[in-house]
Amino acid sequence: MPSLLQELVETAAQGAREWAAVAAADRAALLRECMPSLQAASAEWVRMSCEAKGIDPNSALAGEEWISGPAVIMRHLRLYAETLEGKHAVEDLYRPEENCAQVYPSAYLDTFLFPGCKGEINFHADGIGSQRAVQQPQSLGEGGVAAVLGAGNINSIPPLDAIYLLLTRNLASIVKLNPVNDYLQRHYQRAFAPLMERGLVQFICGDHHVAAELIHNPLVSHVHLTGSEQTYDAVVWNGDTSKVEAAKYSGIKQLDKPVTAELGAVTPVFVVPGAWSRADLKWQARHIAGMLAHNTSFNCNAPKLLVTARHWKQREQFMTQLRAAMKELAPRRQWYPGVQQRWQAFADRYSQAEVFGDRQWMLIPDVALRVDEYACQVEAFCGILAETSVAAKHPEEFLRIAIPAVNQNVRGSLSCVILAPGHVQRSVLRLAIADLNYGAVAVNTWGGAVFGLGQTSWGAFPGHTATDIQSGNGEVHNCLLLEDVQKSILWAPFRPWMRPMYLPGHRRLASVGKAWVNFEAKPSLLRFLKLAIPAMFP
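*Asks:* Would you mind showing me how to read the nonpolar core here?
*Replies:* Soluble globular proteins tend to bury their nonpolar side chains together. The biggest cluster of nonpolar side chains holds 160 residues, and the ones touching the most others in it are F192, F270 and F398. Take this core: its biggest share by element is twelve residues, from helix α2 (residues 24–53). Core analysis: the next-biggest nonpolar cluster, separate from the first, contains 30 residues, A211, I215, V223 and W237 among them.

Structure (structure tokens):
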């Protein structure tokens, strides 16, 4: 008698075979069917997320869970549906002279949602940014079954990973939830009931034994995971960490199936020198503190390494403002497992570490920028930010020295941030970005915006191998379903007139989150105003 897991896998295999023949317009209609069920599940989903993370569900901070959970998913469902309906044709976006596409804004209201922002996707040198899978989804083949090992930190990730595999590979997914957030199983099932009824996605709970049974099932043809390098190595090479290097040396994998992965990184923030005003210094210090504090810093795109110009006259003023901003950060529950061990590992290595709050936030100034430096190689998955510097004074000099140094010495390639004042020419930044080996580059904004925007892609810079996976391989999100993706870039003003939602102290963030879910479910001018008013007047 087959086990329940085996029955789910067989149901998914049948669902994938039927899905392969479904036309693009019908795929869009099915995604739109999920939108009202997601909307109905949102309030309880957010309440449980807040409870698990120690957030008062009636507080402004609950807006983080509204935005990074249901709102981001609703936006992706809408954009995917519009792409499948032919509303975002690549021919209208592609710039052949630069081999890129301007993907944001892609609609009139987009220009007001994030004022002054522009998003681009750069393609491989030999790529042309096509959308073959959109017009003829049958060309993706019969598909099969994917095992998705879900993330535990951001609750939009597991379903979004499954939907991307469905649309780009014709793969139905069994999503094995991380024990950290498996409390959401019934809410995922409610939200995505239309996909579940067709066998296209299922959500299961369990420990590493369940995960092992799933990924080694003969009917599972693809594995996708979100997590750490260590998780990837345990899945692909050997669950015994002491035997991983020997397995890599021998080339014998314990899992010989295609595996895509979105893993973490030591996320750098490049602080471009120049003539900054006192207000600039204070604002950008709070900006970085906000990136660090979001989700208690349990994010794969949280800033981990500040890169400054050693001979910048305002460097010490900036660091003083950063310390002040970190001191002002409110305490949060340390809800993700293993945080104390990770914190202590950094505290033991760096005597110069400065601690703020009740062991909540740590700043480590003056670390060396080299490949054997702990802070350059180990992602601090908690509220820790290190600072390093390069021998530079001016913007062009700084970018010319800092970028290759970070590419060579800092672990991972998922995302990075460039903070550059307005006097730094766009052409200078473009040349610098071309040399950055990161899958997402956020200019004057946080990489989390690239993650959530939808039109932009999310994933490691291409080129990592199974023996040195770093930030992973493949991409997700990319709601325009563009192929041959190399990296995404999001440009924002140095001092935006509308306060970013991840800055600390946004008093109406929960109202923004709820209104955003409603807006994405059915965009209209009235719903946009209900979103814009609390966003503009925090």
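Now that the structure is up, let's keep going.
*Asks:* Even after reading the chapter, I still don't get the sheet that holds strand β1 (residues 94–95), so can you show me in this structure?
*Replies:* Strands in a sheet are paired, the pairing made by backbone hydrogen bonds, and the direction either parallel or antiparallel. Taken together, the eleven strands give an open sheet; going across it, the order is β1-β2-β3-β19-β15-β14-β9-β10-β13-β12-β11, and neighbouring strands pair in mixed fashion. Sheet topology places β1 and β11 (354–356) at the edges, where each strand pairs with a single neighbour. As paired strands, β11 and strand β12 (residues 361–364) are joined by three bridges and run antiparallel to one another. In the strand pairing of β12, F356 is matched with W361. Packing of helix α13 (residues 315–327) onto the sheet brings it into contact with β9 (267–271), β10 (303–309), β11, β12 and β13 (384–390), and relative to β12 it is tilted by some 165°. Strand contacts of helix α16 (residues 395–409): β9, β10 and β13, with the helix running at about 170° to β9, the strand carrying the most contacts.

*Asks:* Got a minute to help me understand the side chain of N478 in this structure?
*Replies:* On the secondary structure map, N478 appears in the loop between β18 (476–477) and β19 (485–491). Within the structure, N478 has its side chain in polar contact with the side chain of Y164 (distance 3.2 Å). Excluding anything up to four places from it in sequence, N478 contacts Y80, I121, Y164, G454, Q455, T456, S457 and V485.

*Asks:* I would appreciate a short explanation of the pattern of salt bridges in the present structure.
*Replies:* If charged atoms from side chains of opposite charge come close, those side chains can pair. Scanning all chains against the criterion turns up 23 salt bridges. For the salt bridge of E85 with R32, the shortest nitrogen-to-oxygen distance reads 2.9 Å. Here E85 is found in the loop between α3 (63–84) and β1, whereas its partner R32 is found in helix α2, with 53 residues between them in sequence. Classification of E85 as partly exposed rests on a relative accessible area of 34%. For R32, a relative accessible area of 28% corresponds to the partly exposed category. Two residues, D110 and R75, come together in a salt bridge whose shortest N-O distance is 3.6 Å. With D110 in helix α4 (residues 110–113) and R75 in helix α3, this pair connects stretches of sequence that are 35 residues apart. On the basis of relative accessible area, R75 is assigned to the buried category, the value being 1%.

*Asks:* Is there a simple way to think about the packing of aromatic side chains in this case?
*Replies:* What characterises a pair of aromatic rings is the spacing of the ring centres plus the angle enclosed by the ring planes. What the rule picks out here adds up to 21 aromatic pairs. Arranged with centres 5.6 Å apart and planes meeting at 70°, the rings of W335 and Y336 form a pair that is edge-to-face. Here W335 matches Y336 in class, with each residue buried. Members of the aromatic cluster, connected to one another through ring pairs, are W45, Y188, F192 and F203. Just above the ring of Y374 sits the side chain of R349; from NZ or CZ to the centre is 3.8 Å. Across from the ring centre of W491, 3.9 Å away, lies the NZ or CZ of R426, which sits over that ring.

Criteria and thresholds
- Residues numbered from 1 in each chain as written.
- Predicted model: local features only at pLDDT ≥ 70, side-chain atom pairs only at ≥ 80, totals over all residues.
- Heavy atoms only, no water.
- Core = buried A, V, L, I, M, F, W, Y, C linked by side-chain atoms within 4.5 Å.
- Buried < 20%, exposed > 50% of the residue type's maximum accessible area, 1.4 Å probe, protein only.
- Helix = DSSP H or I, 4+ residues; strand = E, 2+ residues; numbered from the N terminus.
- Pairing = 2+ DSSP bridges.
- Contact = heavy atoms within 4.5 Å.
- Axes fitted to C-alpha atoms, helices over the stretch in contact; angles between N-to-C directions.
- Polar contact = N/O pair within 3.5 Å; in protein donor to acceptor, adjacent residues only side chain to side chain.
- Salt bridge = Lys/Arg side-chain N within 4 Å of Asp/Glu carboxyl O.
- Phe/Tyr/Trp six-rings, centres within 6.5 Å; stacked < 30°, edge-to-face > 60°.
- Lys NZ or Arg CZ within 6 Å of the ring centre and 35° of its normal.

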